[in-house]
Amino acid sequence: MLEFLKKIFFALLPHLQKAAEDMLNEAASSKGSDGSHESKGEERRASSQSSPKPSAPKSSSAKSTANSSAPKPSAPASTVASDGSDYPGDYRDMINFEYSPSLDGDADPGEIVWTWVPFEEDHSQGKDRPVLLVGRDGEYLLALMMTSKDHNNREHADSNYLDIGSGPWDPQGRASEVKLNRVIRVRPDSMRREGAIMPEDTFRLIERAWTRHNG
């Protein structure tokens, strides 16, 4: 009986050894696989930690702050002159009309010149325009404003303006009018340029019209 059991044991021994080896190999393989997965996971974590994060987009408030801090273009300068701080005011008395034109570079009564004329409602503002010099007031020359705007026609009549027709003072040949209800004081050195000489008969027509209007 003992001999029979020995035979069976030695017959099964190779199979038991092979089964044990297979179990050991399988266990070793499983452990190596787990270690490989763990190392790969660590590599992924390290990669994610070392890679730079994308920067967040700037908020609209940051843009608005940048825009508000940017220098704004300056407003365009006004084309209206403002050198009338020393303007003595309009002349209010009767005019002693004088006709003595002479295109010698100096402004004289009877001439049409360009000069700075202050606005009637605000003497600190004004613009260059043609005027007819008609007399003197001390150091100042007296002038009546001229315009090519039509204030007297079939549809409208303005007694403050006198039609005088066209003349060499307007290179475009437009008809002109003289304003009768305002007299400007002009400094002789403030003339921009001489324009023309008003014909004496037209000058006297203006004198009579102004006297009737303001007398």
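> Please give an account of the pairing of strand S2 (residues 126-137) that cites residues and values.
As paired strands, strand S1 (residues 111-118) and S2 are joined by 7 bridges and run antiparallel to one another. Its bridge partner being in S2, Trp116 is matched across the sheet by Asp128. The sheet contact formed by S2 and strand S3 (residues 140-147) spans 6 bridges and is antiparallel. Across the sheet, residue Leu132 finds its bridge partner in S3, namely Leu144. Two successive antiparallel strands, S2 and S3, enclose a turn made up of 2 residues, where Gly138 displays a positive phi of approximately 65 degrees.

> I'd like a description of helix H3 (residues 200-214), backed by residues and values.
In a regular helix each residue adds 1.5 Å, so 15 residues correspond to 21 Å; H3 covers 21 Å between its end C-alpha atoms and thus fits that length. Along H3, the residues classified as buried are Thr202, Phe203, Ile206, Ala209 and Trp210. Within H3, the buried residues cover an arc of 125 degrees as seen down the axis, which keeps them to one side. Residues of H3 that are exposed and angled more than 90 degrees away from the buried face: Asp201 and Arg212. Where H3 is buried, its residues contact S2, S3, strand S4 (161-165) and strand S5 (176-179).

> An account of the nonpolar core is needed here, citing residue identities and associated values.
Residues Ile95 and Met198 are the most contacted members of the largest nonpolar core, which totals 21 residues. When contributions to this core are tallied by element, the ones reaching two or more residues are S2, S3, S4 and H3. Per element, the largest residue contribution to this core is 4 residues, and it comes from H3. If sequence neighbours within four positions are ignored, Ile95 has contacts with Val134, Leu142, Leu144, Val183 and Trp210. Counting residues in each nonpolar core, the second largest holds 12 residues, with Val113, Val117, Leu141 and Met191 among its members.

> So what's going on with the pattern of salt bridges? Residues and values would help.
Applying the stated rule across the entire model yields 9 salt bridges. In this structure, the salt-bridge partner of Arg182 is Asp90, at a minimum N-O distance of 2.7 Å. Placement of the pair is Arg182 in the loop between S5 and strand S6 (184-186) and Asp90 in the loop between helix H2 (60-69) and S1, with a sequence separation of 92 residues. You can call Arg182 buried: its relative accessible area is 5%. A relative accessible area of 6% means that Asp90 is categorised as buried. Its salt-bridge partner being Glu98, residue Arg136 comes within 3.5 Å of it at the nearest N-O pair. Of the two residues, Arg136 sits in strand S2 while Glu98 sits in the loop between H2 and S1, which places them 38 residues apart along the sequence. The class of Glu98 is partly exposed, set by a relative accessible area of 27%.

> Can you lay out the confidence of the model for the protein for me, pointing to particular residues and giving the numbers?
Averaged over the protein, the pLDDT score is 76; the fraction of residues at 70 or greater is 62%. Per-element averaging of pLDDT across the protein places H2 at the bottom with 43 and H3 at the top with 97. A low-confidence stretch, residues 33-43 (pLDDT under 50), is modelled with 0 contacts involving residues beyond four sequence positions or located in other chains. Every residue in residues 56-82 scores below 50 in pLDDT, and together they form 10 contacts with partners more than four places removed in sequence or on other chains.

> Explain the pairing of S3 residue by residue, including any values.
Of all the 8 residues making up S3, 8 are buried; the element is thus mostly covered by neighbouring parts of the structure. Alternating residues of S3 divide into Tyr140, Leu142, Leu144 and Met146 and Leu141, Ala143, Met145 and Thr147, and every residue in both groups is buried. Pairing geometry for S3 and S6, over 3 bridges, is antiparallel. When the bridges of S6 are listed, Leu142 appears paired with Arg185.

> Would you mind going over the environment of Trp169 in detail, with residue names and values included?
Residue position: Trp169 is located in the loop between S4 and S5. Taking C-alpha positions, Trp169 is 7.7 Å from Ile197, a pair spaced 28 residues apart along the chain. Apart from the residues within four sequence positions on either side, Trp169 is in contact with Ile112, Met146, Ile164, Ser176, Ala196, Met198 and Pro199.

What counts as what
Residues numbered from 1 in each chain as written. Predicted model: local features only at pLDDT ≥ 70, side-chain atom pairs only at ≥ 80, totals over all residues. Heavy atoms only, no water. Pairing = 2+ DSSP bridges. Helix = DSSP H or I, 4+ residues; strand = E, 2+ residues; numbered from the N terminus. Expected span 1.5 Å × (residues − 1). Buried < 20%, exposed > 50% of the residue type's maximum accessible area, 1.4 Å probe, protein only. Arc of directions from axis to C-beta. Contact = heavy atoms within 4.5 Å. Core = buried A, V, L, I, M, F, W, Y, C linked by side-chain atoms within 4.5 Å. Salt bridge = Lys/Arg side-chain N within 4 Å of Asp/Glu carboxyl O. pLDDT = per-residue confidence, 0-100.

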